[in-house]
Protein chains: 4
Amino acid sequence: MSHVKVKEAKPTHRAGKSSRPAATMRAFVMRRIGEVGVMNKPIPEPGPNDAIIRTTAALICTSDTHTVAGAIGERLNITLGHEAVGVIHQLGSEVVGFQIGQRVAVNAITPCYQCSYCQRGYSSQCGGMLGGWKFANTKDGSMAEYFHVNNAQANLAPIPDTLTDEQAVYCADMLSTGFVAAEYANIPIGGTVAVFAQGPVGLMATVGARLLGAGLVIGVESMPNRQAMAKRFGADVIIDHTKTDPVAEILKLTGGQGVDAAIEALGSHATFQACIKATRPGGTISNVGYHGDGDSVPIPRLEWGVGMSDKTIRTALCPGGSERMSRLMRLIEHGRVNPLPMTTHRFRFQDIERAFRMMQTKEDGIIKPLITF
Amino acid sequence: MSHVKVKEAKPTHRAGKSSRPAATMRAFVMRRIGEVGVMNKPIPEPGPNDAIIRTTAALICTSDTHTVAGAIGERLNITLGHEAVGVIHQLGSEVVGFQIGQRVAVNAITPCYQCSYCQRGYSSQCGGMLGGWKFANTKDGSMAEYFHVNNAQANLAPIPDTLTDEQAVYCADMLSTGFVAAEYANIPIGGTVAVFAQGPVGLMATVGARLLGAGLVIGVESMPNRQAMAKRFGADVIIDHTKTDPVAEILKLTGGQGVDAAIEALGSHATFQACIKATRPGGTISNVGYHGDGDSVPIPRLEWGVGMSDKTIRTALCPGGSERMSRLMRLIEHGRVNPLPMTTHRFRFQDIERAFRMMQTKEDGIIKPLITF
Amino acid sequence: MSHVKVKEAKPTHRAGKSSRPAATMRAFVMRRIGEVGVMNKPIPEPGPNDAIIRTTAALICTSDTHTVAGAIGERLNITLGHEAVGVIHQLGSEVVGFQIGQRVAVNAITPCYQCSYCQRGYSSQCGGMLGGWKFANTKDGSMAEYFHVNNAQANLAPIPDTLTDEQAVYCADMLSTGFVAAEYANIPIGGTVAVFAQGPVGLMATVGARLLGAGLVIGVESMPNRQAMAKRFGADVIIDHTKTDPVAEILKLTGGQGVDAAIEALGSHATFQACIKATRPGGTISNVGYHGDGDSVPIPRLEWGVGMSDKTIRTALCPGGSERMSRLMRLIEHGRVNPLPMTTHRFRFQDIERAFRMMQTKEDGIIKPLITF
Amino acid sequence: MSHVKVKEAKPTHRAGKSSRPAATMRAFVMRRIGEVGVMNKPIPEPGPNDAIIRTTAALICTSDTHTVAGAIGERLNITLGHEAVGVIHQLGSEVVGFQIGQRVAVNAITPCYQCSYCQRGYSSQCGGMLGGWKFANTKDGSMAEYFHVNNAQANLAPIPDTLTDEQAVYCADMLSTGFVAAEYANIPIGGTVAVFAQGPVGLMATVGARLLGAGLVIGVESMPNRQAMAKRFGADVIIDHTKTDPVAEILKLTGGQGVDAAIEALGSHATFQACIKATRPGGTISNVGYHGDGDSVPIPRLEWGVGMSDKTIRTALCPGGSERMSRLMRLIEHGRVNPLPMTTHRFRFQDIERAFRMMQTKEDGIIKPLITF
């Protein structure tokens, strides 16, 4: 990914606002694998169940850089981005209970809430594997002046007056993904949890483990700025895996038993294997890391108890929906979590390409860049 | 394992019962890796919390042959066997509510029910990984005229008068392991389940899936006698994986979605991978197969949704304890399952070595040999 | 309810089909509390997310008689009925994947699958308490030549070719409600269950308890024909509560402990109390009976362990949705349950009033009357 | 209870320590209903599975005053108390892994961990309803210089060096009971919880709701000192039910929907009913209040959705066992909760009767009196 060449997008003609036709907007797109840019696109129109949002704030996600690097295959001129909030610009005829101009947050995952997967409670797998992930995958994403929301009735979450756009936008993916890692980890009250990697998702998994009653949260991370952030977000102990064997250290910290749950927030074979080794029999490995390498991901056979250790391996994709978004925003509202320290950099939308390049290189200790419109 | 040489055990001196000292018994042992035999051992004595059972019926398990082949390392003169029932011969001073002479069943797994693992509900992992498995592992097994039961208060299950010893002994491992595979599979009522391999555990997993509400049970098996047995035990469809790709066939049978749950009852890489591929997003892979090969067991990356498919991988070791044993026996009592068709062969204890050899070779279509005393 | 006067509806003018305007249909309605009849209504038109079904088979539910008796307050000329199947007559513009003329089943409960309750997994409480129940409550029911289905994308379930309409229509309420009683009962495999009352919902709860692994199912019922039906549907033991104290009898049958779960399928104080008394500590009382009497429903204090017995009281309203309907139909398809013995009587739609009167009086041992169109 | 007459116990003869036989100790007992006192008793002796603890710190519980008032019937000269910590004085022959002199905490509930209830996971109901509660109920309690612990292997929890006795003793009942109320409440992350009554159990339920991810915790309480304490322990909002209708207020605070979970920590009909009314459909009422009044406890019928609202009523008795105790102590160790503000008063054991009388009258704003030895 660090080798991905970001082509300078051609400067979009930007005359005064009045001279640009009202029906077009600027969008940050993946032109093809390895190439991004800003281009003009028509402002989308809503169908009966849709909404169009005028974007006010957005975040860039590392997975956007994966996408540009080719992780999900070729996409031509698709708008990037899946973490955004804004105000309602237009509503489909069948969407009720919302008003034009209302501030809303939209999750990265926008399920239909109608299909068999959604009805079964696996809305992130809407219509099939990972199918709830539509933004910048099967339709244009949200890193544009306007974006389209399918199944708006279920996917628009009003932002409380007490929350800023910057706070709300963290619910779209970072809180939802980080917290589901903890929710799936089956943490007993007072139990022990190890969170492998303290990027933004791992940091929010650390917060999630605290929020869900963990008595000891161990963060595994080698970058000093992320170690400091992990402490700030509630990790009780930090292990630098470049200096010590994290599995041995975790076993030592837990009296030789291993943790009740290990959270994989990176997506590497080494980390995944360490999770299984560091988890006690009967415990849970909760994976939210994206695994991009190899035909298969290896489970260490003996530490998995030759398949009989009562260890459970769960996986999740960011859960969406307005109901969850409202609960996540409530946690910020009542002071349970403050995601703002993750905003290490701020950009205006016109500088989006520079922000994106920094997310590719992770230079200057960047964690999350906030984009305002 | 088919190459394991079973040494003929030296003929144990057997005079009339009266001439043999009361304090010795005959036991079927693993002399060392690759070698079994019958030898005299002292009849065990109970501590305050123990019981001694006089064996009346037992089954040989394929895992006994794994043990002799060296799967768990060297064991010298350890008594084999973990599936047995009998009558109470002696009781420790602290064991209450039982009588000498009472018929009891004992699970293959005999947890302490006192340690932190047991208190958390993972009694098969008593004291640590797989630690509930004591028979023929960390203490003498039950394939002897008498056997010792630790923590007898929690591990002795009275056999109802309406059940034969042969029926009850199937609860010790086959029903408990096969059923837990289904219990862990998170089957929605009317859901679809594939059970990979129809050996005795797979057959009982098939029964278990039916018992827990599966609307479609697909058995994967190539041996004709086991296919027939699977049909008899309730599989709706049989797939012969030597003639067709089981994953493709399962996808076809489920409208392209995959099953709600796949049960791995064999312990091979190929089968484990097929389970993950054949399971729908949001579904569960329930593993009870013993995995004996390789440093690691491979998860197919793409069909695992790159770690984000909401697919869950669970594992289990036969759950023990008198409470569960009583529920399993109730299922036989009220006609929910009749395990007796699995008894393809019968032997007296003096012929145990021949029986064991057949379990090693799986000749003559053997499924389970019953040993009577 | 037996005192409700059913007014003879005025004979609807029925000339040859050709002479009746295409846009009207006959509907069986509640004219006001205590009065039913057949009247002409316009055939409903679909909105973008709706469907119109031409009815082919329907069942009358005892709750229809409750409604007419005033249980949910006044309703004027509302079409009754919520158990019906048919063929698709018209589809809204946004409903995809279905064809005009396709056979479909529709659950009694038709949630929106968009609101916060639906997203949380409580779709029967769509929009608020009992809000998923729309037919014959907040909109016209399905006992008419045509009926309207809201949120059709999520509520239309194709009927497999192997199922008759009569089989499929039982999934709309009887199987869904009866089975959820068992699903909520937290039955351990081989556990013990008592089902209080063996009306059609209780009978299906009996089947559900069997399907979900109960080792002993005790049916409580006094009417001989229902006792016989309960036996046929899998009850192991029947208790006639008019001849013996059911709580004492259940305690006797369970060694003094009580059942793991009791299902309340009637809705009376006496039955509800008996459920709590007959359930062991740690067990579950699963209520699906409609409670129509009194300001409050009394929990017996001592048998509830003064509020500390680990006994759980759950409640449910028939779960809807196409995904569940498909699983229920699969259970019929593969021979897990055959609901047809419940059809004790058959009527053409023109005789609907006679059928309804019999459901009010429960004369002639009626269990369910099938209505064909 | 405020009318219970506490008879002055006859002065126990207390010569110098040397002159008292080593085998006797002083114990605070209930002489009979309505009468308490201090008396000499023999220091108990351990059986093979038991331990004897020399008490160092204890708390008085309001339920002790209920017991003296006759709540569980007559008890003659039974030692009171169930919240105590100390050092190991003697160990039974079968108890391993502990040393004489080791500091240990013991839960109020001391299950056998062997019976069918314990094996099923309902150890508080050990052997039958509320059967895990042995101290000051079916055997002498712990408010004495020494106390006896049954099934010590499972019930002794070593106190970490970093914890004081005063901290550890709060785990015996207050944290365990308060937290289980939250654990059983099925709180979604960011969900809303109302805790009715902010006595010590309610306060710990407030902490528990926070620890388990509640986004809004509403405390219902009228006493100003407890209101202040509730705020300190994390309640976001306090409702004084003597000044406003708590149900109406909760509905207002939750947009008319009601809370996801209501916790009953008092044990009155009015409070229990308010819990059901204030809980949204699909939500949970978690009861840990002791209900002492009436033959039955009334469920408000309409707000219970006539038995079909998907509202769940759970109940719990303080869960015991060393594994849980260790997790509770870990929460104190790592700063998740600090129970010490609940210690409003401190007494030496010789002043136990005065302390007890204050707990009866609740004078001087007493919450918990710490007793040291």
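Per chain, residue numbering runs from 1 following the sequence as it is written. Chain labels run from A onward and ligand labels from 1 onward, assigned in the order the entries are written. The model is predicted, so local features are restricted to residues of pLDDT at least 70 and side-chain atom pairs to those at 80 or more, both for listing and for counting; the totals for chains, interfaces and linings are taken over all residues.

## Details of the overall build of chain A
Secondary structure counts use DSSP, requiring at least four H or I residues in a row for a helix and at least two E residues in a row for a strand, with both numbered from the N terminus. Across its full length, chain A carries 11 helices and 17 strands. The C-alpha atoms of chain A give a radius of gyration of 21 Å, which matches the 21 Å a tight globule of 373 residues would have. Expressed as lengths along the three principal axes of its C-alpha atoms, the size of chain A is roughly 70 × 45 × 40 Å. Using C-alpha atoms as the atom set, the radius of gyration is obtained and then compared with a globule rule of 2.2 Å times the number of residues to the power 0.38.

## Quick look at the interface of chain C and chain B
Residue-level contacts link 18 residues of chain C with 18 residues of chain B. Going through the elements one at a time, α5 (174-183) and α10 (322-333) of chain C are the ones with two or more residues in the side of chain C that touches chain B. Looking at the side of chain C that touches chain B element by element, the count peaks at four residues for α10 of chain C. We call Asp, Glu, Lys and Arg charged. Ala, Val, Leu, Ile, Met, Phe, Trp, Tyr, Cys and Pro are nonpolar, and the rest, Gly among them, are polar. Considered class by class, the residues forming the side of chain C that touches chain B number eight nonpolar, five polar and five charged. By the criterion used throughout, residues are in contact when their C-beta atoms, derived from the backbone, lie within 7 Å.

## Focus on the environment of threonine 56 of chain D
Residue and element names in this part refer to chain D. Position of threonine 56 among the secondary structure elements: in strand β3 (residues 51-59). Sequence separation between threonine 56 and aspartate 165 is 109 residues, and the spatial gap between their C-alpha atoms is 7.3 Å. Apart from the residues lying within four places of it in its own chain, the contact partners of threonine 56 are Val85, Gly86, Val87, Asp165 and Phe373.

## What to know about the relation of the copies chain C and chain B
In this comparison the copies share one frame, found by least squares on the C-alpha atoms of residues holding pLDDT of at least 70 in both. Of the transformation superimposing chain C on chain B, the axial component is 0.0 Å and the angular component is 180 degrees, with the fit at an RMSD of 0.0 Å. On this basis, the relationship between the two copies can be described by a two-fold rotation axis. Taking the C-alpha atom as reference, chain C places leucine 212 of chain C closest to the rotation axis, 2.2 Å from it. Both copies share a contact surface, since 100% of the interface residues of chain C are interface residues in chain B too.

## Some thoughts on the packing of helix α5 (residues 174-183) of chain A against helix α6 (residues 200-211) of chain A
Residue and element names in this part refer to chain A. Comment: axis = line fitted to C-alpha atoms, over the contacting stretch for helices; angle = value between 0 and 180 degrees taken between N-to-C directions. Where α5 contacts α6, the axes come no closer than 7 Å and their chain directions differ by 50 degrees. By the angle class used here, α5 and α6 are oblique. The crossing of α5 and α6 is right-handed. Here Met174, Leu175, Thr177, Gly178, Phe179, Ala181, Ala182 and Glu183 of α5 lie close against α6, whose contacting residues are Pro200, Val201, Leu203, Met204, Ala205, Val207, Gly208, Ala209 and Leu211. Its residues assigned to classes, the contact of α5 with α6 comprises 13 nonpolar, three polar and one charged. Any angle that falls under 35 degrees is termed roughly parallel, while one over 145 is termed roughly antiparallel, one within 65 to 115 roughly perpendicular, and all others oblique. With the far helix as reference, a near helix turned anticlockwise by less than a right angle produces a left-handed crossing, and one turned clockwise produces a right-handed crossing.

## Some points on the pairing of strand β16 (residues 343-348) of chain B
All names here are of chain B. Sheet topology places β16 next to strand β17 (residues 368-372); five bridges connect them, and they run parallel. Along β17, the bridge assignment pairs histidine 345 with proline 369. What joins β16 to β17 is helix α11 (residues 352-361), and the crossover it makes is right-handed. The rule for pairing is simple: two strands pair if DSSP sees at least two bridges between them. The handedness of a crossover follows from its direction of travel: if, with the strands pointing away from the viewer, the path from the first strand over the helix to the second runs clockwise, the crossover is right-handed.

## Considerations on the environment of proline 319 of chain B
Residue and element names in this part refer to chain B. Relative to the assigned elements, proline 319 resides in the loop between β15 (312-315) and α10 (322-333). Exposure is read from a count of other C-beta atoms within 10 Å of each residue's own; the residue is exposed at 12 or fewer, buried at 20 or more and partly exposed in between. C-beta atoms are placed from the backbone. When the 26 C-beta atoms within 10 Å are taken as the criterion, proline 319 is described as buried. For the pair proline 319 and leucine 266, spaced 53 residues apart in sequence, the C-alpha separation works out to 18 Å. The residues touching proline 319, leaving out its near neighbours within four places in the chain, are Ile109, Ser123, Ser124, Ser176, Val180 and Arg324.

## Thoughts on the sheet that holds strand β4 (residues 78-79) of chain C
The strand order β2-β1-β4 (chain C) describes an open sheet built from three strands, whose pairing is antiparallel. Sheet topology places β2 (35-42) and β4 of chain C at the edges, where each strand pairs with a single neighbour.

## Considering the sheet that holds strand β2 (residues 35-42) of chain A
All names here are of chain A. Across the sheet, which stays open at both edges, the three strands sit in the order β2-β1-β4 with antiparallel pairing between neighbours. A strand with exactly one partner marks an edge of an open sheet, and here the two such strands are β2 and β4 (78-79). Examined bridge by bridge, strand β1 (residues 24-32) and β2 share eight bridges and lie antiparallel to one another. Looking at the pairing, methionine 25 lines up with lysine 41 of β2.

## Considerations on the interface of chain B and chain A
Each partner contributes residues to the interface: chain B has 38 residues there, and chain A has 38 residues. Of all elements in the fold, only α2 (116-120), β13 (279-287), β14 (296-300) and β15 of chain B reach the threshold of two or more residues within the side of chain B that touches chain A. Per element, the largest residue contribution to the side of chain B that touches chain A is five residues, and it comes from β14 of chain B. Its residues placed into classes, the side of chain B that touches chain A shows 16 nonpolar, 16 polar and six charged.

## Points about the domain arrangement of chain A
Residue and element names in this part refer to chain A. Start and end points for every domain follow an automatic or database-based domain assignment. Taken domain by domain, chain A holds domain 1 (17-173 + 318-372) and domain 2 (178-315). Between the C-alpha centres of domain 1 and domain 2 the distance comes to 28 Å. Facing 13 residues of domain 1, the contacting portion of domain 2 comprises 11 residues. With three residues, helix α1 (residues 62-69) is the largest single contributor of residues to the side of domain 1 that touches domain 2.

## Here's the deal with helix α11 (residues 352-361) of chain C
All names here are of chain C. Residues of α11 that are buried: Ile352, Ala355, Phe356, Met359 and Gln360. When α11 is viewed along its axis, its buried side chains cluster within an angular range of 145 degrees and face the same direction. Turned more than 90 degrees away from the buried face of α11, the exposed residues are Arg354 and Thr361. Here the buried face of α11 lies against β1 (24-32), β2, α1 (62-69), β16 (343-348) and β17 (368-372). Phi turns positive, to about 55 degrees, at lysine 362, one or two residues after α11. Each C-beta atom gives one direction from the helix axis, and the arc is the one those directions make.

## With respect to the confidence of the model for chain A
All names here are of chain A. For every residue, the predictor reports its confidence as pLDDT, a number between 0 and 100. Averaged over all residues, the pLDDT of chain A equals 94, while 94% of them reach at least 70. Within the model, the stretch residues 1-20 combines pLDDT values under 50 with 32 contacts to residues more than four positions away or in other chains. Scored as a complex, the prediction yields pTM 0.94 and ipTM 0.93.

## Considerations on unusual backbone geometry
Excluding glycine, a negative phi dihedral is what most residues carry, and trans is how most peptide bonds are arranged. At alanine 136 of chain B, a residue that is not glycine, the phi angle is positive and equals roughly 60 degrees. Residues other than glycine seldom take positive phi values, yet asparagine 186 of chain D does so here, at roughly 55 degrees. Along the chain, the position of asparagine 186 of chain D falls in the loop between α5 (174-183) and β9 (192-196). For asparagine 186 of chain D, a count of 16 C-beta atoms within 10 Å puts it in the partly exposed group.

## Things to note about helix α6 (residues 200-211) of chain B
All names here are of chain B. Multiply 1.5 Å by the residue count of a helix minus one, and that product is the helix's expected span. Here α6 is 12 residues long and its end C-alpha atoms lie 16 Å apart, about the 16 Å a rise of 1.5 Å per residue gives. The element α6 is largely enclosed, with a buried count of 12 among its 12 residues. Regarding α6, the residues found buried are Pro200, Val201, Gly202, Leu203, Met204, Ala205, Thr206, Val207, Gly208, Ala209, Arg210 and Leu211. At its buried positions, α6 is contacted by α5 (174-183), β9 (192-196), β10 (216-220), α7 (224-232), β12 (259-264) and β17.

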